[in-house]
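Overview (structure and organization)
Listed below, chain by chain, are the residues.
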Amino acid sequence: MLTVYNCIVHEHDLRLVALAALICGISSFSAVNLLRHVDRSTHRNRYAWLMIAATSTGFGIWATHFIAMIAFSPGIPNAYNTELSVLSLAAAVLLTAAGMWIATLRGGIDHYLVGGAVLGAGIGTMHYTGMAAFEVQGRIVWDHLLVGISLVAGIALAALSLFVVLRRPSTLGTIGAAVLLTLAICTLHFIAMGAVSIYPDSSIAISQYTIEPMSQAFAAAAASLVILVLSAAALWIDLRFRRHQAEAERMHGLANAAVEGLIVCDGTRIVSANDSIAALSGIASATLNTMVLGDLFGERAATAMAEADGQARETELKSHDGTAIPVELIARTIDYCGKPHGVVAVRDIRERKKAEQEIIRLAHYDPLTGLANRRSFNSRLEAEIAAAGRGGKGGQLALMLLDLDRFKEVNDLFGHAAGDAMLQKVAQCASAKLRHGQMLARLGGDEFAIIAPNLPDPQAAGRIAEAVLSAMREENRLSPGGGLVSASIGIALYPLDADEQASLVSHADTALYRAKAEGKDTYRYFEASMGAEARDRRVMEHDLRQAVARGEFRLVYQPQKEISTGRMIGFEALLRWHHPEHGDISPAVFIPVAEDSGAIIQIGEWVLSAACEEAARWKNPLMVAVNVSAVQLHNPNFSRKVHEVLLRSGLAPGRLELEITETALVKDMPRALAALRQIKALGVRVAMDDFGTGYSSLSNLRAFPFDKIKIDGSFIKSVDRNGQVAAIVRAVLGLGRGLGLPVLAEGVETLGELKFLDAEDCEIGQGFYLGRPGPIEAFGELTGVPSEKEDDGAGRSRGGGSILMLEPAAALRSA
């Protein structure tokens, strides 16, 4: 150490030594700053930063050496070899570059230390090559121990310097690394100079191609200027980088506040990505910052995004596991870190795509059953007809229209949830029986359709229909409550029955009506004769819906009397329809059509209201009986409607009698029983109509709160001449007496029938023999309301016409 000290103090110009140390410090500070940029830079500009850093550091080492050598005064002539001086500079630059490249190649202590050692070896190589360029008129003798110490010290300090600056980059680390690198250069130089001993020898001549120390001083000054310029540039770059980094962090913070994914890119290279795009792609932000747009969205989308035209584009994002995620991209240009960059907004449109698919599904499929809807059905049928017309498919094209039997009753009885469940069950049963290429669609309500193309023969359509019906019957059999699922099917064939779509659908609909009319739970093929019937039925349905508003309905009244005394009990209100074109239409014709179409609800309300308003005007408190259909009875609002009519008309509830058929009861006994109890609670009387023609009659009498039994007219006909019928009537009369219920016999048309009923103590009779149905004005004497058709005083009747009525007691006496 004393040798090194004496060398510095006594053999060097301390002012120049201080200058060399300053140049070394500036160079070292520049070196570590530039090294940090090398470490942060990407592959494309890493080598540029590496050469700038290596050049600055190499020139600094070289300038420090030669300024310190100029400060050295050996006291004898000396000069510098040009080639070796240049070689020492090249060695300093190249080995410094190698050391920095190794240190920044991969993170890790081993790379930091090895790279620093290579840099230290570069310092030693430069120094001793520079010393070889030093020519003096004397002999140079080296102390090899000090030479070794200088190399170890320089390499160790250089390795430690790179380790400090790269392991945990910080301002303090940068300063510490600069100090360590300065010490590495200066320590190696001055220990090495202490190892030199020069012995003057006049026999040794200095080469004529050497450079004078003064010229070398100018070269060192030029190198120092390069160092200062590069150091200033490094400082400016570092400040600029810090400013840009702060701006980038601020922008990144704002970007992370966005729900949508945001990517900042330079061209197609990603420079920043927010947390939303990282979460969407499943790729870490740090990894995204090393990728290009093409890696995420494909080259085509990346090229389009580079234009940054603000247009929204849909594409797919490749996630970390290769899954394609539908996204919408919008690119714009922004100023980022002082340079135009593209920013790409990435919107996850999976939910939107799902919603679009749902909209498409709802547009073409029924949401309840999942079957094709009417739109899809029409498109498919049109396509199948076109294909069959072109001869693209052989065989028959069958269209089957399927309509559920009693579906409205299920809805009314059990509610819409039960109706929906039935529709789903039908869809499952029917779908299971169809083959590939055959289509089942729900057209709306309880209407379904089956398209079966390429059938080998017309009978194949019947086999499909029977299979569907059998599946529903089996479902009914397995259902805990016995089930109510059944259907009617109408079949039309192309081109056998029709050669265009509208006619084919119409003919299948006609066949469907025939299937319903002939017992339901069956199928029928279209026949030409059905067309007129179906058209007439549809016209009748339409006319029935308008008949109430047009005033085409009227009521006639048929008397009901006590058989033994002839006392008038009341009237049964009977509905008549006078069609403006077809005249009077029989109730037996239009009532079933009204029930099937649902028009019976409106018609029944009109009948009940009209009958009650008419009866309320009678001075004599006679009963008025009104028939109620099954559809009305099972309507949840029926009892409320009855109550409203009674309040509006002012008719006493005890004067109204509702006649219910047995068939109406058994469809849903609990609901029917509840409705009848509500009606009874109003004070309205209830009669069982057409007794004996339905089923479970005895259990019905026990379960339901009836006030009267009406024997169907089919049992009264010829009762006085048919012993078997007479036995049935006697049994019913006995049953009525046993239950304490009055019995009314319908259809009394002869004196013999009347005498039989009187002999068997039947209380009440009704029929043509006792009084034909007629307008209420014809019964003015009985109701207490004088008829406008009164006698004019001359024995003539104004308005003419009368109703033949026979008193039962008088008839029996005359007999």
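Residues numbered from 1 in each chain as written. Predicted model: local features only at pLDDT ≥ 70, side-chain atom pairs only at ≥ 80, totals over all residues. Heavy atoms only, no water.

**A word on the overall build of the chain**
The secondary structure content of the chain amounts to 31 helices and 24 strands. Every one of the 815 residues in the chain was classed for burial, and the buried ones make up 47%. Surface summary for the chain: the accessible area is close to 38,200 Å², and the carbon and sulfur share equals 57%. (Helix = DSSP H or I, 4+ residues; strand = E, 2+ residues; numbered from the N terminus. Buried < 20%, exposed > 50% of the residue type's maximum accessible area, 1.4 Å probe, protein only. Areas by Shrake-Rupley, 256 points an atom, 1.4 Å probe, with all protein chains shown as cover.)

**Comments concerning the pairing of strand β7 (residues 269-273)**
In this structure, strand β6 (residues 261-266) lies alongside β7, joined through four bridges in antiparallel fashion. What sits directly across from C265, in β7, is I270. The loop that links β6 with its antiparallel partner β7 comprises two residues; one of these, G267, has a positive phi angle of about 75°. (Pairing = 2+ DSSP bridges.)

**Section: unusual backbone geometry**
With the exception of glycine, the majority of residues adopt a negative phi angle, and the majority of peptide bonds are in the trans configuration. The omega torsion of the bond from Y494 to P495 falls at 0°, within 30 degrees of zero and hence cis. With respect to the helices and strands, P495 occurs in the loop between β14 (487-494) and α18 (501-517). Positive phi values are uncommon outside glycine, yet D690 reaches one of about 55°. You can see D690 is positioned in strand β21 (residues 685-691).

**What about the sheet that holds strand β15 (residues 523-525)?**
Pairing is mixed across the open sheet formed by five strands, whose spatial order is β12-β13-β11-β14-β15. Either end of the sheet is taken by a strand with one partner, and the two such strands are β12 (439-444) and β15. Averaged over neighbouring strand pairs, the angle between their axes works out to 20° when direction is ignored. Each of β11 (396-404), β13 (447-455), β14 and β15 is contacted by helix α17 (residues 458-478), which is oriented at about 165° to β14, the strand it contacts most. (Axes fitted to C-alpha atoms, helices over the stretch in contact; angles between N-to-C directions. Contact = heavy atoms within 4.5 Å.)

**Remarks on the confidence of the model for the chain**
This prediction gives the chain a mean pLDDT of 81; 82% of its residues lie at or above 70. Considering each helix and strand of the chain separately, the mean pLDDT is smallest for helix α1 (residues 2-11), with a value of 52, and largest for strand β19 (residues 623-628), with 95. Below pLDDT 50 for its whole length, residues 789-802 participates in twelve contacts with residues either more than four positions away or in separate chains. (pLDDT = per-residue confidence, 0-100.)

**Observations regarding empty space enclosed by the protein**
Under the criterion given, the structure shown has three cavities of 30 Å³ or more. The volume enclosed by the largest cavity comes to roughly 50 Å³. Around the largest cavity, the lining residues are I61, T64, H65, I123, M126, H127, I185, L188 and H189. Elements with a contribution of two residues or more to the lining of the largest cavity: α3 (43-71), α5 (109-133) and α7 (171-194). (1 Å grid on protein atoms, 1.4 Å probe; cavity = no way out; pocket = protein on both sides within 12 Å on 5 of 7 lines; lining within 4 Å. Points joined across faces, edges and corners; volume = space filled by probe spheres on them.)

**Observations regarding the nonpolar core**
Taken as a class, soluble globular proteins show a tendency for nonpolar side chains to be buried jointly. Grouped together as the largest cluster of nonpolar side chains are 77 residues, with contacts concentrated most on L544, L633, L656, L658 and V729. Of the residues forming this core, the biggest block, eight residues, is contributed by helix α21 (residues 600-616). With residues up to four places along the chain from it excluded, the contact list for L633 reads V628, F638, I660, A664, L665, A672, A675 and L676. Grouped together as the second largest cluster of nonpolar side chains are 53 residues, I23, C24, A31 and A63 included. (Core = buried A, V, L, I, M, F, W, Y, C linked by side-chain atoms within 4.5 Å.)

**So, the environment of F377**
Relative to the assigned elements, F377 resides in helix α14 (residues 374-389). Sequence separation between F377 and R442 is 65 residues; the distance between their C-alpha atoms is 8.3 Å. Not counting chain neighbours up to four residues away, the residues in contact with F377 comprise L399, M439, A441, L443, A449 and I451.

**Section: helix α6 (residues 144-167)**
An α-helical segment advances 3.6 residues per turn. Residues three or four places apart therefore align on the same side. Here α6 spans 34 Å end to end across 24 residues, near enough to the 34 Å set by a 1.5 Å rise per residue. Where α6 begins, the capping side chain belongs to D143, and its oxygen is found 3.1 Å from the backbone nitrogen of L145. (Expected span 1.5 Å × (residues − 1). Polar contact = N/O pair within 3.5 Å; in protein donor to acceptor, adjacent residues only side chain to side chain.)

**What to know about the environment of V38**
Within the secondary structure layout, V38 lies in helix α2 (residues 14-40). Considering only alpha carbons, one finds V38 and A48, ten residues apart in sequence, at a separation of 8.5 Å. Residues contacting V38, with those up to four places away along its chain left out, are R46, W49, L50, A53 and T104.

**Comments concerning the side chain of T57**
Take T57: it is sitting in helix α3. Of the residues examined, T57 reaches a relative accessible area of 1% and is grouped as buried. When sequence neighbours within four positions are dropped, the list of residues in contact with T57 reads S27, A31, T96, M100 and L119.

**Some details on the packing of aromatic side chains**
Two descriptors summarise a pair of aromatic rings, namely the distance from one centre to the other and the angle between the planes of the rings. Applying the stated criterion to the full structure yields ten aromatic pairs. Consider the rings of Y523 and Y525, whose centres lie 6.2 Å apart with planes at 80°: the pair is edge-to-face. Ring geometry for F553 and W606: centres 6.1 Å apart, planes at 40°, overall tilted. With F553 in strand β16 (residues 553-562) and W606 in helix α21, this residue pair connects regions lying 53 residues apart in the sequence. One aromatic cluster is present, built from ring pairs that chain together F553, W577, F590 and W606. The ring of F768 carries R772 above its face, with NZ or CZ at 4.3 Å from the centroid. (Phe/Tyr/Trp six-rings, centres within 6.5 Å; stacked < 30°, edge-to-face > 60°. Lys NZ or Arg CZ within 6 Å of the ring centre and 35° of its normal.)

**So, helix α20 (residues 587-597)**
Here α20 has its buried residues at F590, V593, A594 and S597. The buried side chains of α20 occupy one side of the element, clustering within an arc of 100° when seen end-on. Here α20 starts with a cap whose side-chain oxygen sits 3.1 Å from the backbone nitrogen of A588, and that cap is S586. Two residues or fewer after α20 comes G598, characterised by a positive phi angle close to 90°. (Arc of directions from axis to C-beta.)

**Observations concerning a nonpolar patch on the surface**
There is a patch of nonpolar side chains on the surface, built from F29, I175, V179 and L183 and spanning about 340 Å² of accessible area. With three residues, α7 is the largest single contributor of residues to the nonpolar patch. When you line up the elements, I175 lands in helix α7. I175 gets classed as partly exposed once you look at its relative accessible area, which sits at 45%. (Patch = residues over 30% accessible without salt bridge, like charges linked within 9 Å, V, L, I, M, F, W, Y side chains within 5 Å. Salt bridge = Lys/Arg side-chain N within 4 Å of Asp/Glu carboxyl O.)

**Let's talk about the packing of α21 against helix α23 (residues 638-649)**
Remark: α21 packs on α23, axes separated minimally by 9 Å, with the N-to-C direction vectors making an angle of 30°. When the axis of α21 is compared with that of α23, the two are roughly parallel. At the point where α21 passes α23, the crossing takes the right-handed sense. Between α21, through E605, L608, S609, C612, E613 and A616, and α23, the contact on the second element is made entirely by K641, V642, V645, L646, R648 and S649. Residues of the contact of α21 with α23, tallied by class, amount to six nonpolar, two polar and four charged. (Parallel < 35°, antiparallel > 145°, perpendicular 65-115°, else oblique. Left-handed = near helix turned anticlockwise from the far one by under 90°. Nonpolar A, V, L, I, M, F, W, Y, C, P; charged D, E, K, R; others polar.)

**Some points on the packing of α5 against α6**
When two helices pack together, their arrangement is given by the angle between their axes and by how far apart the axes lie. Put simply, α5 and α6 touch, their axes get as near as 7 Å, and they point 140° apart. Considering their axes alone, α5 and α6 lie oblique with respect to each other. When the axes of α5 and α6 are compared, the crossing they make is right-handed. Contact residues: α5 offers I109, Y112, L113, G115, G116, A117, L119, G120, A121, I123, G124 and Y128, while α6 offers V147, S150, L151, G154, I155, A158, A159, L162, F163, L166 and R167. Looking at the contact of α5 with α6 residue by residue, the class counts come to 16 nonpolar, six polar and one charged.

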